[in-house]
Amino acid sequence: MAVLVTGGAGYIGSHAVKQLIRAGRDPIVADNLYRGNRKSVPQGVPFYDCDLLQTSRLVSILREHAVSEVMHFAALAYVGESVTDPLHYYRNNVAGTGSLLEAMLAAGVRRLVFSSTCATYGEPDTLPITEETPQQPINPYGQSKLMVERILRDLVATGDGWSVTALRYFNVAGSSRDGSIGEDHHPETHLIPLVLQTALEQRPEITIFGNDYDTPDGTCIRDYVHVEDLCAAHLLALENLVPNEFQFYNLGIGRGFSVQEVIESARRVTGRKIPTALGDRRAGDPPILYADASKIRDQLGWKPEYEDLDEIIQTAWNWFQKHPTGY
C-alpha cells in the first residue's frame, strides 16, 4: 500500500521512509526541500519537489500512486523563528496542511498520521505532561500545530470516514542505526547536534543558557526520544487508525536529561573535551519538560528501544563522524 510522506526528505520524515520500506510499504515522498535534503531519500523511492500549497499537484500525486494513507511531517519547527516571522509559520503549517487535506479529500484519501508537538501544551503547571494537560501554546509554532489538530478534529466529526492520529513530542534525537541518514539542519538549533559539532571542533564551544534553574545541576531538563523510536510510533499509529476517530498520543521516554547531562554524555561517547560557555537564560525556557507516553504504550504497545542517553548520542555521533559537513 502506498503512503505519501510529506516532508519525507527532512530529518524525521526520511527515517520514517526507511521504516516504511522495511515494513513492506511503498512510500512516496513530497518535499519542497526548503529544509529537507534530497540525498536523504533512498534511491527508487518516488520523489516530488512539491510544496504543500500546490493542491492540484498533490491530488495528481495521490491519484497517480493510488495512495491510501498519508504521514504528514512537512512543517516549519523553529520556535524562535515562529515568533519573529509568524505569518510564514501559519502559511506553511496551517494553510499548507489545509491544502493537503483538500487534496486528500479530492483524491478520496481519508487516513492520516499527523506529526504534532508537545509545544501545543505551552508551559504546563504540572509534570509529567499527559494528553489531558491543557493545550495552551505560548508561541506561533505551537499555535499553528494546535490549529491543525482542531481542523483535524472537525474533519473527523463530519462522519465522512476520516481516520486521524496526532502524535505530540518534544526533542527528537539520534540517527539511523546504520548511520546512513541523520540530522542535518541549517541553521542548527538542537542541543545534541550542536554539542557534537563542538566535539568536531566546528564550533569553539557550546553555550549553556542558564545554570541556575531549580534542577539538580541548575540546567534545563528535556525529554529526548530517539528518531527511530519516534518513527516506529508513527508506523504503529498508521496501522491502528480507526474510521471516524481522532486519536492523539504523547511520545517520549517519560524522563528528562539536563543540558549538563547531555554534554557529559557526549564527552563520554566522543572522548572529546567539548568546551562550554555560560550564557543568560533564554526567555520562556521552563526548567523541566517531559512527557508521559503511557497511553501509546498501553493502547498500541509502543516501547522505545533507546532510553539510555549514551546510546542515543552514540547513534548521532556515528552519523556526524561519517558526515561531518552533513549530506
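Anyway, here's the lowdown on the structure attached to this text.

So, how was this worked out
- Residues numbered from 1 in each chain as written.
- Predicted model: local features only at pLDDT ≥ 70, side-chain atom pairs only at ≥ 80, totals over all residues.
- Heavy atoms only, no water.
- Pairing = 2+ DSSP bridges.
- Helix = DSSP H or I, 4+ residues; strand = E, 2+ residues; numbered from the N terminus.
- Salt bridge = Lys/Arg side-chain N within 4 Å of Asp/Glu carboxyl O.
- Buried < 20%, exposed > 50% of the residue type's maximum accessible area, 1.4 Å probe, protein only.

1. Describing the sheet that holds strand E12 (residues 257–258)
- Judged by pairing direction, the sheet is mixed, and its three strands sit side by side in the order E12-E9-E14 without closing on themselves. Because the sheet does not close on itself, it has two edges, and the strands there are E12 and strand E14 (288–289).
- The pairing of strand E9 (residues 221–222) with E12 spans two bridges and is antiparallel. For Ile 221, the partnering residue across the bridge sits in E12 and is Ser 258.

2. Thoughts on the pattern of salt bridges
- Enumeration over the complete set of coordinates arrives at 15 salt bridges.
- The closest approach of N and O atoms between Glu 264 and Arg 267, which form a salt bridge, is 2.8 Å. Of the two residues, Glu 264 and Arg 267 are both situated in helix H8 (residues 259–270); the distance of three residues between them amounts to about one turn of the helix.
- What makes Arg 267 partly exposed here is its relative accessible area of 23%.
- One salt bridge in this structure joins Asp 310 and Arg 268, with 2.8 Å as the shortest N-O distance. Taken together, the residues span a long stretch of sequence, with Asp 310 in helix H10 (residues 309–322) and Arg 268 in helix H8 at a distance of 42 residues.
- A relative accessible area of 23% places Asp 310 in the partly exposed class.
- A relative accessible area of 54% places Arg 268 in the exposed class.
- Here the salt bridges do not stand alone but share partners, grouping Arg 25, Glu 69 and Arg 111 into one network.

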